[in-house]
Amino acid sequence: MATQFEFRLIDADAPEGELEADHLIAIVQSLKDVATKLGRAETEADAVGRPPKRTQRVARLTIGLAPGSTKVLVRRADDEDSLDFDLEEEKTFDEKFQAVVESIALNERPSWVTDTLAIAVGDLRGALEKAAPKVEFKVSGQVTRSFKTADTLRETWKSADTAGTPEAVTFVGRLRAVNLDTHRLQVTDDVGNKIALPNVTDDTEVGRLLGGYVSVVGAPERDAKGRLALIHDAVIEAAAPVPGTAGVRGVVPVDQILASAPGPKLGGIPGLTDEEAASFFEAIGR
């Protein structure tokens, strides 16, 4: 049976049993990201792309709200085709999910937490801090941690970097997709590379740039082949198109192509008239 997790949000601004929509969306999205990354790791799936069915089975969550302050209830979703007992990877998922939430309260990052997972856990920490001053975390009905969200440290979940400065990338392309409800954006360059921008905090302002060129600077997340897939903590600004990028261009005359090609140029021999050049070629038998 899937473990029941409970986040009791104490002294939240909303009435008992309720939660502001933005806060709820941020918590649900971050819980989903944490679950998906844990599920990918437990099932040895690729870090990006559509998760395989095995990963979806392990990481799919159900979320509920209940009164008593405000309780966010979380557990793995039941599958009508599932067995009557949990698989080992499902048990491990539950154990690690509990561990990362408790690590938020302790400000201690477990050694097995990758930078990619740490970013998702950091987003969950931030979502909880915005939702309520205090959180009580229960596992199967038992309180395991109670903590003030203001005492949790975002630095705990920053990407590890021996030089002390987080890696950053710059990506230029058109802002093609904006979902202001989930704070997820997408930018596409002129050769079709699509980069996701999750949890953009100022996306309402950025939305006005939809369809235009933007410059995105942030922390990269790469797939198993090392290709850029996501940019976290994105700073987005209007930008000019990058010259020389791929795409359909106007028709180029053949003469212009030949003129720019390496080797002998058309137009005779420099320093000789056409008649002199003709006499030269006649003399050498050409």
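Predicted model only: the values in this text are computed from it and were never measured.

Rules of the game
Residue positions within a chain follow its written sequence, with the count starting from 1. pLDDT decides what is reported in this predicted model: residues at 70 or higher carry local features, side-chain atom pairs at 80 or more are listed and counted, and totals for whole chains, interfaces and linings draw on all residues regardless. The side-chain values count all of the structure's non-hydrogen atoms but skip hydrogen atoms and water molecules. Per the convention used, a helix needs a DSSP run of H or I reaching at least four residues, while a strand needs a run of E reaching at least two, with both numbered from the N terminus. Buried, partly exposed and exposed residues are distinguished by accessible area as a fraction of the type maximum, computed with a 1.4 Å probe on protein chains only: under 20%, between the cut-offs, and over 50%, respectively. In this count, Lys and Arg are taken as positive residues and Asp and Glu as negative ones, while His and the chain termini are left out. Each reported salt bridge corresponds to a side-chain nitrogen of Lys or Arg within 4 Å of a carboxyl oxygen of Asp or Glu. Contacts are residue-level and defined by heavy atoms, with any inter-residue pair within 4.5 Å sufficient. Lines fitted to C-alpha atoms define the axes, with helix axes restricted to the stretch in contact, and inter-axis angles between N-to-C directions lie between 0 and 180 degrees. Here roughly perpendicular refers to angles of 65 to 115 degrees, roughly parallel to angles under 35, roughly antiparallel to angles over 145, and oblique to all remaining angles. Crossings are sorted by hand: turned counterclockwise from the far helix by less than a right angle, the near helix makes the crossing left-handed, and turned clockwise it makes it right-handed. Classification convention: Asp, Glu, Lys, Arg as charged; Ala, Val, Leu, Ile, Met, Phe, Trp, Tyr, Cys, Pro as nonpolar; all other residues, Gly among them, as polar. Here a helix's expected span is defined as the number of its residues, less one, multiplied by 1.5 Å. Classification of ring pairs rests on two measures: the distance between centres of Phe, Tyr or Trp rings, Trp counted by its six-membered ring, which must be within 6.5 Å, and the angle between planes, read as stacked under 30 degrees, edge-to-face over 60 and tilted in between.

Visitor: Got a sec to walk through the side chain of Glu 102? Specific residues and values, please.
Guide: Tracing the backbone shows Glu 102 in helix H3 (residues 88-106). For the buried Glu 102, no salt bridge exists, and the shortest N-O distance to an oppositely charged side chain is 4.2 Å, to Arg 145. Those residues within four positions of Glu 102 in sequence are excluded, and the remaining contacts are Phe 137, Thr 144 and Arg 145.

Visitor: Would you mind going over the pattern of salt bridges in detail, with residue names and values included?
Guide: For the coordinates displayed, the defined rule picks out five salt bridges. In this structure, Glu 136 and Arg 8 form a salt bridge, with 3.6 Å as the shortest nitrogen-oxygen distance. Here Glu 136 is found in strand E4 (residues 134-139), whereas its partner Arg 8 is found in strand E1 (residues 5-10), with 128 residues between them in sequence. Classification of Glu 136 as buried rests on a relative accessible area of 15%.

Visitor: An account of the packing of H3 against helix H4 (residues 115-131) is needed here, citing residue identities and associated values.
Guide: In the contact formed by H3 and H4, the axes pass within 10 Å of each other and the chain directions differ by 60 degrees. It follows that H3 is oblique to H4 by the angle criterion. Read as a crossing pair, H3 and H4 show a hand that is right-handed. Here H3 contributes Val 100, Val 101 and Ile 104 to the contact with H4, which in turn contributes Val 121, Leu 124 and Arg 125. Residues that form the contact of H3 with H4 fall into these classes: five nonpolar, no polar and one charged.

Visitor: How would you summarise H4 if you had to cite specific residues and measurements?
Guide: When the terminal C-alpha atoms of H4 are compared, their 24 Å separation across 17 residues agrees well with the 24 Å that a helix rising 1.5 Å per residue should span. In terms of residue burial, H4 counts as a mostly covered element, since 12 of its 17 residues are buried. By the burial criterion, the buried members of H4 are Leu 117, Ala 118, Ile 119, Ala 120, Val 121, Gly 122, Leu 124, Arg 125, Gly 126, Ala 127, Leu 128 and Ala 131.

Visitor: Lay out H3 with the relevant residues and their values.
Guide: With 19 residues, H3 should reach 27 Å at 1.5 Å per residue; the first-to-last C-alpha distance of 27 Å fits that figure. When H3 is considered as a whole, its buried residues turn out to be Glu 89, Glu 90, Thr 92, Phe 93, Asp 94, Phe 97, Val 100, Val 101, Glu 102, Ser 103 and Ile 104.

Visitor: Give a detailed account of the packing of aromatic side chains, specifying residues and quantitative values.
Guide: Under the defined criterion, the tally for this structure stands at four aromatic pairs. Seen from their ring centres, Phe 5 and Phe 97 are 4.7 Å apart, and the 50 degrees between their planes marks the pair as tilted. One end of the pair, Phe 5, is in strand E1; the other, Phe 97, is in helix H3, with 92 residues separating them in the sequence. Classification of Phe 5 by relative accessible area gives buried; the value is 2%. A relative accessible area of 1% places Phe 97 in the buried class. Centroid distance Phe 5 to Phe 137: 6.1 Å. Interplanar angle 5 degrees. Geometry classified as stacked. Placement of Phe 5 in strand E1 and of Phe 137 in strand E4 is noted, with a sequence separation of 132 residues between them. We classify Phe 137 as buried; its relative accessible area is 1%. Clustering of aromatic rings is evident, with ring pairs tying together Phe 5, Phe 7, Phe 93, Phe 97 and Phe 137.

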